[in-house]
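What follows is each chain in one-letter form.
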Amino acid sequence: MINVEITKKMVFYDLEIKFTIGKEILVIQGASGSGKTTILDCISGIKKPDAGRISIHDQLVFSSQEGVDISIKDRNVGYVFQNDGLFPHLNVRQNVMFGIRSRRLEDIDYAEHIMKGLGIIHLQDRYPKQISGGEKQRVALARVLAVRPQILLLDEPFSALDPKTKEMIYQEFVEFKKLWNMGVVLVTHSVYEGNLLGDRILRIEDGKITDEMMS
């Protein structure tokens, strides 16, 4: 269970958000500049709220009242950005394995399981410049999942893909999410994408939740 109750002063408005998410996919939608990415950044620790609290599976990772602000690396949060962020000098396998701190056989086997599930195991010896945009996004997702995060944050991860590749990724996402045992927060502009992939949808405007619905 992830609990978020935060406020943060923005340029044109004050972000005031409160929600709880279990082992489901929560979609956050809204216009550009409405605060969607800031919410993800606060959960991950990239940005610091002005006030409030964030807990991930009963671990308090931020609390303004109690003076708690756990570092990014210790929050065990997976974050996939719109830009895949792959290391160009590492091949696919090395990119996926990059975040794994140990080299235990079970962790390596799990990472390979993720690559097989996302259909990229055959690309493991190639470099980012040698694979397509859709394949890069799958590698980025595999890299995050390989470290077994407690929560997965996705910020417009499919927006740069062409329509045909999007549909292929959507189907893989729907199938693969059945194996995930975590909460997922997906930021997307696409109503179709939100309805297809999400379990619950929050719409926000100027930093406030204006509507909540089941997908």
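What counts and what doesn't
- Residues numbered from 1 in each chain as written.
- Predicted model: local features only at pLDDT ≥ 70, side-chain atom pairs only at ≥ 80, totals over all residues.
- Heavy atoms only, no water.
- Helix = DSSP H or I, 4+ residues; strand = E, 2+ residues; numbered from the N terminus.
- Rg over C-alpha atoms; globule rule 2.2 N^0.38 Å.
- Buried < 20%, exposed > 50% of the residue type's maximum accessible area, 1.4 Å probe, protein only.
- Contact = heavy atoms within 4.5 Å.
- Domains from an automatic or database assignment.
- Buried area = accessible area lost by both parts, 1.4 Å probe.
- Salt bridge = Lys/Arg side-chain N within 4 Å of Asp/Glu carboxyl O.
- Patch = residues over 30% accessible without salt bridge, like charges linked within 9 Å, V, L, I, M, F, W, Y side chains within 5 Å.
- Areas by Shrake-Rupley, 256 points an atom, 1.4 Å probe, with all protein chains shown as cover.
- Pairing = 2+ DSSP bridges.
- Expected span 1.5 Å × (residues − 1).

A word on the overall build of the protein. Check the secondary structure of the protein and you find six helices and 11 strands. Its C-alpha atoms give the protein a radius of gyration of 17 Å, within 12% of the compact-globule value 17 Å for 215 residues. C-alpha atoms of the protein, sized along the principal axes, occupy 45 × 35 × 30 Å. Expressed as a percentage of the 215 residues in the protein, the buried residues total 48%. The long-range share in the protein, meaning contacts at least 24 apart out of those at least 6 apart in sequence, stands at 65%.

Assignment of secondary structure puts Q130 in the loop between α3 (105-117) and α4 (133-145). In sequence terms Q130 and P88 are 42 residues apart; their C-alpha atoms lie 9.9 Å from each other.

Here we come to the domain arrangement of the protein. Each domain of the protein was delimited in the assignment, giving domain 1 (1-76 + 152-214) and domain 2 (88-149). Counting from both sides, the interface comprises 14 residues of domain 1 and, opposite them, 15 residues of domain 2. Summing both sides of the interface, domain 1 and domain 2 together bury roughly 1,200 Å²; the carbon and sulfur share of this comes to 68%. Our enumeration of links across domain 1 and domain 2 arrives at zero salt bridges. When contributions to the side of domain 1 that touches domain 2 are tallied by element, the ones reaching two or more residues are β8 (151-155) and α5 (163-176). Looking at the side of domain 1 that touches domain 2 element by element, the count peaks at five residues for α5.

Let us look at a nonpolar patch on the surface. Taken together, the side chains of I46, I72 and F81 define a hydrophobic patch exposed on the protein surface, amounting to about 270 Å² of accessible area. Its location among the elements puts I46 in the loop between α1 (36-44) and β4 (51-56).

Moving on: the environment of I46. Residue classification places I46 among the partly exposed positions, given a relative accessible area of 44%. Measuring from C-alpha to C-alpha, the distance between I46 and I169 comes to 27 Å, with 123 residues separating the pair along the chain. Beyond its immediate sequence surroundings of up to four residues, I46 is in contact with D41, I72, Y79 and F81.

Attention now goes to the pairing of strand β5 (residues 59-63). Across the five residues of β5, four count as buried, placing the element largely inside the fold. Where β4 meets β5, four bridges bridge the pair, whose relative direction is antiparallel. When the sheet's bridge partners are listed, R53 is paired in β5 with S63. Here β4 folds back onto β5 in antiparallel fashion, the turn holding two residues, of which H57 has a positive phi close to 50 degrees. Of the strand pairs in this sheet, β5 and strand β6 (residues 68-69) are connected by two bridges, and their pairing is antiparallel. Following the sheet pairing, S63 is matched in β6 by V68. From the end of β5 to the start of β6, which pair antiparallel, there are four residues, and G67 there has a positive phi angle of about 70 degrees.

Turning our attention to α4. A rise of 1.5 Å per residue sets the reference length of α4, with its 13 residues, at 18 Å; its end C-alpha atoms lie 19 Å apart and thus fit the reference within 8%. For α4, the buried fraction is high: 11 of the 13 residues fall into the buried class. Of the residues making up α4, those classed as buried are G134, E135, Q137, R138, V139, A140, L141, A142, R143, V144 and L145.

Attention shifts here to unusual backbone geometry. Its identity is not glycine, yet N76 carries a phi of approximately 55 degrees, on the positive side. With respect to the secondary-structure elements, N76 resides in the loop between β6 and β7 (77-80). At R148, a position not held by glycine, the phi torsion is positive, near 55 degrees. Along the chain, R148 falls in the loop between α4 and β8.

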